[in-house]
Amino acid sequence: MTMGTDPAATAVAVVEMACEGRFADIERLFTPSLRALVGTGVLQAAWAAEMGRRGPVRTVGEPVSEPAQAELVRVSVPVTCERAGLTVVVAVDRDGMLNDLRLAATTVPWAPPPYADPARFDEHDVTVGDGPLAVTGTVSLPHGPGPRAGVVLLGGGGPFDRDATSGANKPLKDLAWGLAGRGVAVLRFDKVTHTHSGQVADAAGFTMTDEYVPHAVAAVRLLQRQPGVDPARVFVLGHSMGGKVAPRVAAAEASVAGLVIMAGDTQPMHQAAVRVIRYLASLDPGPAMEAVVEATTRQAAMVASPDLSPSTPTEALLFGWPAAYWLDLRGYDPVATAAALDKPMFILQGGRDYQVTVDDDLSGWKAGLAHRPDVTIRVYDADNHLFFPGAGPSTPMEYEPPQHVDPAVVADIVEWLAPEHGKIA
């Protein structure tokens, strides 16, 4: 197929190449900023996982185009599979190159969780950080004079928006609304990798610390200045990688009152990547997934190698993350960092989580912190990685239906904040 610079034709061609397993050809269409975030192995793994859940592609629908930012055209291509639908969304620049590529389920609009009461708080947007990498956030401020506790939310790994939007679900918005309705001020913000993917990809030596810490510290200080917020009671709540990095944020900003760590991983991430992809392969065995397991294992070995250096090619490493990012991540011990903090912590873990697990990750927090009287650890047996309740072995497919963070999780966070650290407001 000749694509030229027709964005719709480019998008359809990408779908066709994915169906044919031509992932290297797709990657050749990536802009440098997208290539830095998503490599061939990541794309192949994501496609294989979707096909395992939805079944083989049956038909490819008509593309729908709409303008996007910075002279981009966003094209959505509906794909009908054997068991469920899928939408391939790409952002195409004027040269026919891909600035973004996402695999999305057919979704319905987010609806507030039953435990949220938006009549009890107001929201307003704020700017977090300054300079060219500033991002936008939202403050959820309960009614009443206060003083009240505050919480800054940190999302997981990946270019998430402030709500951690995934299809129809917005787990960080669930938390923000659930907490704000109970008197806790909350600030959540778009990740720098979401808002400034191009600048980040072009930044030499960009690390996990760069991705999280400057904006998290700025968010803490900003929330401390909000009306009715007690500046001595502003906490950091991180989910997944946000939970992993939360101790580093508290180490950088001494005024953080304490930490709430939800599904924070402690197993080295390159080891976890191999474990997770093997689990997914067990759900969808076959040559395609075997190839993904092999590629992931090879890339993980390169991350673990003593030969890893800033000059190691990004394409040889996991997730399309550069060597500087992996060197920073590999040298960071979240448990030791947390143990050195004189701050209370609440560590939450889903019992059905296959990404961050009780055995592989929570065990690390327990070994390093369980003796601390100011650390509370709790497992929610029915919850998965997003703290959505369910039953049976967890699979990626269960993330797709509209659902909300476990109400018990929200209630327990509020309870932990109140008795341990004074009244919420």
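Right above here is the structure, for reference.
Here's what I pulled together on the structure shown here. (Residues numbered from 1 in each chain as written. Predicted model: local features only at pLDDT ≥ 70, side-chain atom pairs only at ≥ 80, totals over all residues. Heavy atoms only, no water.)

Attention now goes to unusual backbone geometry. Cis rather than trans, the peptide bond between Gly-146 and Pro-147 has omega equal to 0°. Tracing the sequence through the fold places Pro-147 in the loop between strand S7 (135-142) and strand S8 (148-154). For Ala-164, which is not a glycine, the phi torsion comes out positive at approximately 55°. Inspection of the secondary structure assignment puts Ala-164 in the loop between S8 and helix H5 (171-180). What makes Ala-164 buried here is its relative accessible area of 10%. The phi dihedral of Ser-240 is positive, around 60°, even though this residue is not glycine. Within the secondary structure, Ser-240 is located in the loop between strand S10 (229-239) and helix H9 (241-252). Taking relative accessible area as the criterion, Ser-240 reaches 13% and is therefore assigned buried. (Helix = DSSP H or I, 4+ residues; strand = E, 2+ residues; numbered from the N terminus. Buried < 20%, exposed > 50% of the residue type's maximum accessible area, 1.4 Å probe, protein only.)

Now for the side chain of Asn-384. Summarising the element assignment, Asn-384 is placed in the loop between strand S13 (375-380) and helix H15 (407-421). A distance of 3.0 Å separates the side chain of Asn-384 from the side chain of Glu-398, its partner in a polar contact. If we skip the residues at most four places from it in the chain, Asn-384 touches Gly-350, Arg-352, Asp-353, Ser-394, Glu-398 and Tyr-399. (Polar contact = N/O pair within 3.5 Å; in protein donor to acceptor, adjacent residues only side chain to side chain. Contact = heavy atoms within 4.5 Å.)

Two faces make up the sheet, and in a regular strand the side chains alternate between them. Alignment of strand S1 (residues 57-60) against strand S3 (residues 72-81), held across three bridges, turns out to be antiparallel. The residue of S3 that forms the bridge with Thr-59 is Thr-80. Pairing between S3 and strand S4 (residues 85-92): eight bridges, direction antiparallel. Counterpart to Val-73 in the pairing with S4 is Val-92. (Pairing = 2+ DSSP bridges.)

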